[in-house]
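Observations on the three-dimensional arrangement
Spelled out, the chains give:
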Amino acid sequence: MRRSKQARQQAIRTLVLTERIQKQEDLVKHLNAQGWEVTQATVSRDIAELQLVKVPDQNGGFIYAVMTDTDYLNQLGLILRETTTKVITQQNMVMIKVTPGTGPALKMALEEANLGDVFGLIGDDAGVLVILKENIDAEEFTKMLMMHH
């Protein structure tokens, strides 16, 4: 019997909320143990559609998570304080380099923070370039960001 994509994605959401899922392979194993017969390609598409993000885990490392608005602001602080995070500034730009897989969570967190000094954000898997408005100094902005989060 073929089960629906919605049911599979609900199963993924439940696993992410109840287990420490660090890799796509972990999700594939858990789902297949439940009788889903999924491939990594399917799980990868589901992760993108569900907008799951990798966030710092209390035990070190990173796990997949389902994000809500309040989570983003908490995650912003956790990601900025993570030892692997590097912040580089130049004029009105801040480059925040993070552990691969964490970039999307950081970008969403910065968007949710709704910072008035931000002109735009460009993000990828391992970083976010914060472009500030014309007269905003990147170093001052970064100090403010670190203090609040």
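Residues numbered from 1 in each chain as written. Predicted model: local features only at pLDDT ≥ 70, side-chain atom pairs only at ≥ 80, totals over all residues. Heavy atoms only, no water.

The helix and strand tally for the chain stands at 6 helices and 6 strands. Written out in order from the N terminus, the α and β elements of the chain read α-α-α-β-β-α-β-β-α-β-β-α. Taking the principal axes of its C-alpha atoms as reference, the chain extends roughly 60 × 30 × 25 Å. When each of the 149 residues of the chain is scored for burial, the buried share is 42%. Partitioning the contacts of the chain with sequence separation of at least 6, the portion at a separation of at least 24 is 52%. Surface exposure of the chain reaches about 8700 Å², of which carbon and sulfur atoms provide 50%. Of note, the chain has its 16 positive side-chain charges centred 7 Å away from the centre of its 19 negative side-chain charges. (Helix = DSSP H or I, 4+ residues; strand = E, 2+ residues; numbered from the N terminus. Buried < 20%, exposed > 50% of the residue type's maximum accessible area, 1.4 Å probe, protein only. Contact = heavy atoms within 4.5 Å. Areas by Shrake-Rupley, 256 points an atom, 1.4 Å probe, with all protein chains shown as cover. Lys, Arg positive; Asp, Glu negative; His and termini not counted. Charge placed at Lys NZ, Arg CZ, Asp CG, Glu CD.)

With domains assigned, the chain is organised as domain 1 (5–66) and domain 2 (69–148). Using only C-alpha atoms to locate each centre, domain 1 and domain 2 end up separated by 26 Å. Opposite the 7 residues of domain 1 that make contact, domain 2 presents 12 residues. Buried area between domain 1 and domain 2, both sides added, is near 710 Å², and the carbon and sulfur share of it is 68%. Scanning the region where domain 1 abuts domain 2 turns up 0 residue pairs in polar contact (both at pLDDT 80 or more). Considering every element that reaches the side of domain 1 that touches domain 2, the biggest residue donor is strand 1 (residues 53–56), with 4 residues. In terms of residue class, the side of domain 1 that touches domain 2 is built from 5 nonpolar, 1 polar and 1 charged. (Domains from an automatic or database assignment. Buried area = accessible area lost by both parts, 1.4 Å probe. Polar contact = N/O pair within 3.5 Å; in protein donor to acceptor, adjacent residues only side chain to side chain. Nonpolar A, V, L, I, M, F, W, Y, C, P; charged D, E, K, R; others polar.)

Time to look at helix 5 (residues 103–113). Those residues of helix 5 not exposed but buried are Gly 103, Ala 105, Leu 106, Met 108, Ala 109 and Leu 110. Asn 114 sits one or two residues past helix 5 and shows a positive phi near 55°.

Before going further, it helps to spend a moment on the environment of Ser 44. For Ser 44, the position within the fold is in helix 3 (residues 40–49). A sequence separation of 20 residues divides Ser 44 from Gln 24, and the C-alpha atoms of the two residues are 6.9 Å apart.

Judged by nonpolar contacts, the single largest core of 26 residues is most densely connected at Ile 96, Leu 106, Leu 110, Val 130 and Phe 141. Ranked by the residues each element gives to this core, the list is headed by helix 5, at 5 residues. Ignoring any residue separated from it by four or fewer positions in sequence, one finds Leu 106 in contact with Leu 76, Ile 79, Ile 96, Val 98 and Val 128. Within the second largest apolar cluster, 15 residues are counted, among which are Ile 12, Leu 15, Val 28 and Leu 52. (Core = buried A, V, L, I, M, F, W, Y, C linked by side-chain atoms within 4.5 Å.)

All right, on to the side chain of Asp 57 then. Considering the arrangement of structural elements, one finds Asp 57 in the loop between strand 1 and strand 2 (62–65). A residue is classified by how much of its surface remains accessible, and Asp 57, at 9% relative accessible area, is buried. Among the polar contacts made by the side chain of Asp 57, one reaches the side chain of Arg 20 at a distance of 2.2 Å. Residues in contact with Asp 57, not counting those within four places in the same chain, are Arg 20, Phe 62 and Ile 63.

Neither face of strand 2 is exposed, since Phe 62 and Tyr 64 on one face and Ile 63 and Ala 65 on the opposite face are all buried. Of the strand pairs in this sheet, strand 1 and strand 2 are connected by 4 bridges, and their pairing is antiparallel. Pairing of Pro 56 across the sheet is with Phe 62, part of strand 2. The turn joining strand 1 and strand 2, which pair antiparallel and follow one another in sequence, is formed by 5 residues; a positive phi near 85° is taken by Gly 60. (Pairing = 2+ DSSP bridges.)

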